[in-house]
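Chain and residue survey
Now for the letters of each chain:
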Amino acid sequence: MFAYLIRRVFYTLPIMLGVALVCFALVHLSPGDPLVSVLPADASAELQAQLRELYGFNRPLPEQFGRWIWRAVQGDLGMSIATSRPVTGEVLRAVVNTLRLALVATLIGFVLGSLFGFVAGYFRNSWLDRVASLLSVLGVSVPHYWLGMVMVIVFSSLLMWLPATGAGPGGSGDWAWDWAHVQFMILPAITMSVIPMGIIARTVRALVSEILDQEFIVGLRAKGLTHRGIFAHVVKNVAPTALAVMGLQLGYLLGGSILIETVFSWPGTGFLLNQAIFQRDLPLLQGSILVLALFFVLLNLLVDVVQTLLDPRIARA
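What you see is a predicted model, and the numbers here were worked out from it, not measured in a lab.

What the protein contains, in helices and strands, is 13 helices and 0 strands. Of all 317 residues assigned to the protein, the portion counted as buried reaches 42%. Of the contacts formed within the protein by residues at least 6 apart in sequence, a portion of 73% connects residues at least 24 apart. A total of about 17,100 Å² of accessible surface is found on the protein, and carbon and sulfur atoms cover 69% of it.

Shown next as structure tokens:
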């Protein structure tokens, strides 16, 4: 197991370097002047040259990439052009908010998706199967940003049960696990959980149906094993794949929550990326993308390790 873990970590290092290279290249190859948000319209050529030298934009791209990677390894992602604040602090605060929201959304999606999947798999071709499958298809098909706007209209504007935007009372960025703050999380978390719920439900339904048709299940029933015992065997065989799907969905939510966070004004990485794109803030943009991509890579590594602990055949393979 230890050798497998070391091998997986070794494979992860070049992936991280490749992610950093792609992130840097995509940001710098996009059109537009990164200093447009801070330069006045009548800025002199001397002022432009001074700012380019200050942010390192006057150096060749390979040198910029090398300096950026060296500083990033030391925890320095540069300074934001728009706010003149360290990018590392801005990104970490946003990542914590997004991670908090994504974990809750993934937990909701995993619990409901597993429930719908097991019900649909155990009661195949019944009305329960049709209802659970319909809910999972709707979860995958409905655009989450549209669902978010509908939730705001219904539960915030019409019923006035829950707040529509922000992450705390009075626009506060401080978080506490009390009702005053948790109520701001309910609508975005439910909206974010819909797609993972649908994907996990369809995956679990297919796995349960396949496992119930295998010969060892027939043998267990022939030996007189109870339904509870058979259910335990099914869960044990479904768990590795279901956890892998859940881990991937958590990674997708970390990086793909820009629309939901914009709808609900949640101060996470999606909201931060949206601001960085419109302000053309290159250090903030590439720092945010790099941290999110590294989170995704590390999350895949964690899922691989957990899968191996649940199913030792993966390590032996």
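Right, picking up where we left off after that structure.
Time to look at a nonpolar patch on the surface. Residues W127, V131, L134, L135 and L138 make up a contiguous nonpolar surface patch of roughly 490 Å² in combined accessible area. Inspection of the secondary structure puts V131 in helix α5 (residues 127-141).

Looking now at the packing of helix α6 (residues 144-158) against helix α7 (residues 179-212). Two elements in contact, α6 and α7, have axes whose closest approach is 9 Å; the angle formed by their N-to-C orientations is 145 degrees. Remark: the crossing between α6 and α7 carries right-handed chirality. Contacts between α6 and α7 involve H144, L147, G148, M151, F155 and S156 from the first element and L187, I190, T191, V194 and I195 from the second.

Helix length check: helix α3 (residues 61-73), at 13 residues, gives a terminal C-alpha distance of 18 Å against a target of 18 Å (1.5 Å per residue), a fit within 8%. Every buried residue belonging to α3 is among Q64, F65 and W68, and all of these are buried. For α3, the arc enclosing every buried residue in end-on projection is 100 degrees, short of the 170-degree limit, so these residues lie on one face. Residues of α3 that are exposed and point over 90 degrees away from its buried face: P62, W70 and V73.

What follows is about the UniProt feature "transmembrane region" (unreviewed entry) in the protein. The UniProt record marks residues 9-29, 101-123, 144-162, 182-201, 242-264 and 284-303 with the feature "transmembrane region" (unreviewed entry), using the residue numbering of this structure. Here residues 9-29 is 100% helix and 0% strand, with 30 Å between the C-alpha atoms at its ends. Across residues 284-303 one finds 100% helix and 0% strand; the C-alpha atoms that close the span lie 28 Å apart.

The geometry of two aromatic rings is summed up by the distance between their centres and the angle between their planes. Applying the stated criterion across every chain, the model contains 2 aromatic pairs. Note on F65 and W68: the rings are 6.4 Å apart at their centroids and 50 degrees apart in plane angle, and the pair reads as tilted. Taken together, the residues span about one helical turn, with F65 and W68 both in helix α3 at a distance of 3 residues. Accessibility expressed as a relative area gives 17% for F65, which makes it buried. Arranged with centres 6.1 Å apart and planes meeting at 45 degrees, the rings of F155 and W161 form a pair that is tilted. We classify F155 as partly exposed; its relative accessible area is 26%.

Before going further, it helps to spend a moment on unusual backbone geometry. One non-glycine residue with positive phi stands out, namely M160, at about 55 degrees. Turning to its location among the elements, M160 is positioned in the loop between α6 and α7. Not every positive phi belongs to a glycine, and S265 is a case in point at roughly 50 degrees. Locating S265 in the fold gives a position in the loop between α10 (258-264) and α11 (269-279).

The N-to-C vectors of helix α4 (residues 87-122) and α5 enclose an angle of 145 degrees; their axes lie 8 Å apart at closest approach. For the element pair α4 and α5, the recorded crossing hand is left-handed. Between α4 and α5, the residues in contact are F116, V119 and A120 and L128, D129, A132, S133 and L135, respectively. Residue composition of the contact of α4 with α5, grouped by class: 6 nonpolar, 1 polar and 1 charged.

Here we take up α7. With 34 residues, α7 ought to run about 50 Å at 1.5 Å a step, yet its terminal C-alpha atoms sit only 43 Å apart, falling short of that. At I186, α7 shows its maximal kink, close to 35 degrees; a proline, P188, follows between one and four residues later.

Cut-offs applied
- Note on numbering: residues in each chain are counted from 1, in written sequence order.
- Where local features are concerned, this predicted model is filtered to residues with pLDDT of at least 70; where side-chain atom pairs are given and counted, the filter is 80 or more; whole-chain, interface and lining totals use all residues.
- Hydrogen atoms and water are omitted, and side-chain values are computed over all heavy atoms in the structure.
- Elements are defined by DSSP. Helices are runs of H or I of four residues or more, strands are runs of E of two residues or more, and each kind is numbered from the N terminus.
- Throughout this description, buried means an accessible area under 20% of the type-specific maximum (1.4 Å probe, protein chains only), exposed means over 50%, and partly exposed covers the range between.
- Any two residues having at least one pair of non-hydrogen atoms within 4.5 Å are treated as being in contact.
- Working definition of accessibility: Shrake-Rupley area with a 1.4 Å probe, residue cover restricted to the visible protein chains.
- Each patch groups residues whose relative accessible area exceeds 30% and which form no salt bridge, using 9 Å between like charges and 5 Å between nonpolar side chains of Val, Leu, Ile, Met, Phe, Trp and Tyr.
- Each reported salt bridge corresponds to a side-chain nitrogen of Lys or Arg within 4 Å of a carboxyl oxygen of Asp or Glu.
- Only the stretch in contact is used when a helix axis is fitted, and all axes are lines through C-alpha atoms; the angle between N-to-C directions ranges over 0 to 180 degrees.
- Crossing handedness is read from the near helix: turned anticlockwise from the far helix by less than a right angle, it gives a left-handed crossing, and turned clockwise, a right-handed one.
- To estimate how far a helix should reach, multiply one less than its number of residues by 1.5 Å.
- The reported arc concerns the directions from the helix axis to the C-beta atoms and nothing else.
- UniProt positions are given in the numbering used here, feature names are shortened, and annotations may be inferred rather than shown by experiment.
- Think of it this way: a Phe, Tyr or Trp ring, Trp meaning its six-membered ring, pairs with another when their centres are within 6.5 Å, and the plane angle makes it stacked under 30 degrees, edge-to-face over 60, tilted otherwise.
- Gly counts as polar in this scheme, as do all residues outside two lists: the nonpolar Ala, Val, Leu, Ile, Met, Phe, Trp, Tyr, Cys and Pro, and the charged Asp, Glu, Lys and Arg.
- Axes are fitted to the seven residues ending at a residue and to the seven starting at it; the angle between these axes is taken as the bend at that residue.

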